[in-house]
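# Topology and contacts: notes
Here is how the chains run, residue by residue.
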Amino acid sequence: MEPRLGGRLYEVWSDGSIHPYGEVRVWEPPHRVVHSWHVGHGPEESSEVELRFIALSPGETRVELEHRDWERMSGEKARDVRERYNNGWETVFIAAFGSFAGKTEA
């Protein structure tokens, strides 16, 4: 993730090719980030992910994740993709955002 408004979410594959998955729509560190998400389909069918970071104590933060706008995909596809993320967001979340844990930017 490029940590800025308009930043890209992408993977760099072993062959060096870049595969974009979304764009940062809201960048409000350390409280919130919102981005589009279109893994496996085009940006015209992107859903939206919002992450909120709520300080509970000096060493504890609650992270809330909302994945929305599934209706941008066609019926069966939306149902299948949503089901995969309902069962897999923990892994995706830890892999994609874990490197930012504990960091804030001014």
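The rules we used
Residues numbered from 1 in each chain as written. Predicted model: local features only at pLDDT ≥ 70, side-chain atom pairs only at ≥ 80, totals over all residues. Heavy atoms only, no water. Pairing = 2+ DSSP bridges. Helix = DSSP H or I, 4+ residues; strand = E, 2+ residues; numbered from the N terminus. Core = buried A, V, L, I, M, F, W, Y, C linked by side-chain atoms within 4.5 Å. Buried < 20%, exposed > 50% of the residue type's maximum accessible area, 1.4 Å probe, protein only. Contact = heavy atoms within 4.5 Å. Axes fitted to C-alpha atoms, helices over the stretch in contact; angles between N-to-C directions. Salt bridge = Lys/Arg side-chain N within 4 Å of Asp/Glu carboxyl O.

## Points about the pairing of strand E2 (residues 18–28)
Strand direction decides the pairing type here: strand E1 (residues 8–12) and E2, joined by five bridges, are antiparallel. For Tyr 10, the partnering residue across the bridge sits in E2 and is Pro 20. Between E1 and E2, which pair antiparallel and follow one another directly, the connecting turn spans five residues, one of which, Gly 16, has a positive phi of 90°. When E2 meets strand E3 (residues 32–37), the two strands line up antiparallel, connected through four bridges. Across the sheet, the residue bridging to Trp 27 is Val 33, located in E3.

## A short note on the nonpolar core
Counting residues in each nonpolar core, the largest one holds 13 residues, and the members touching the most others are Trp 37, Val 49, Trp 70, Met 73, Val 81, Tyr 85 and Trp 89. Mapped onto this core, the elements with two or more residues apiece are E2, E3, strand E4 (47–57) and helix H1 (75–97). With four residues, the top contributor of residues to this core is H1. Other than its neighbours up to four places away in sequence, Val 49 contacts Val 33, Val 34, His 35, Trp 37, Leu 65, Glu 66, His 67 and Trp 89.

## Regarding the sheet that holds E1
In spatial order, the strands read E1-E2-E3-E4-E5; together these five strands make up an open sheet with antiparallel pairing. Since the sheet does not close on itself, it has two edges, and those belong to E1 and strand E5 (60–68), each with one partner. Strand-to-strand twist of the sheet, defined as the mean angle between neighbouring strand axes without regard to direction, takes the value 25°. Relative to E5, E4 runs antiparallel, the two sharing nine bridges. Looking at the pairing, Phe 53 lines up with Val 63 of E5.

## Regarding unusual backbone geometry
The linkage connecting Pro 29 with the following residue, Pro 30, adopts the cis geometry, with an omega of 5°. For Pro 30, the position within the fold is in the loop between E2 and E3.

## Topic: the pattern of salt bridges
Applying the stated criterion across every chain, the model contains twelve salt bridges. Close ionic contact of Glu 48 with Arg 68 constitutes a salt bridge, the shortest N to O distance being 2.9 Å. Taken together, the residues Glu 48 in strand E4 and Arg 68 in strand E5 connect sequence positions 20 residues apart. Arg 68 carries the same exposure label as Glu 48, and that label is buried. Shared partners join several salt bridges into a network, and the residues in it are Arg 25, Glu 28, Arg 32, Glu 48, Glu 50, Arg 52, Arg 62, Glu 64, Glu 66 and Arg 68.

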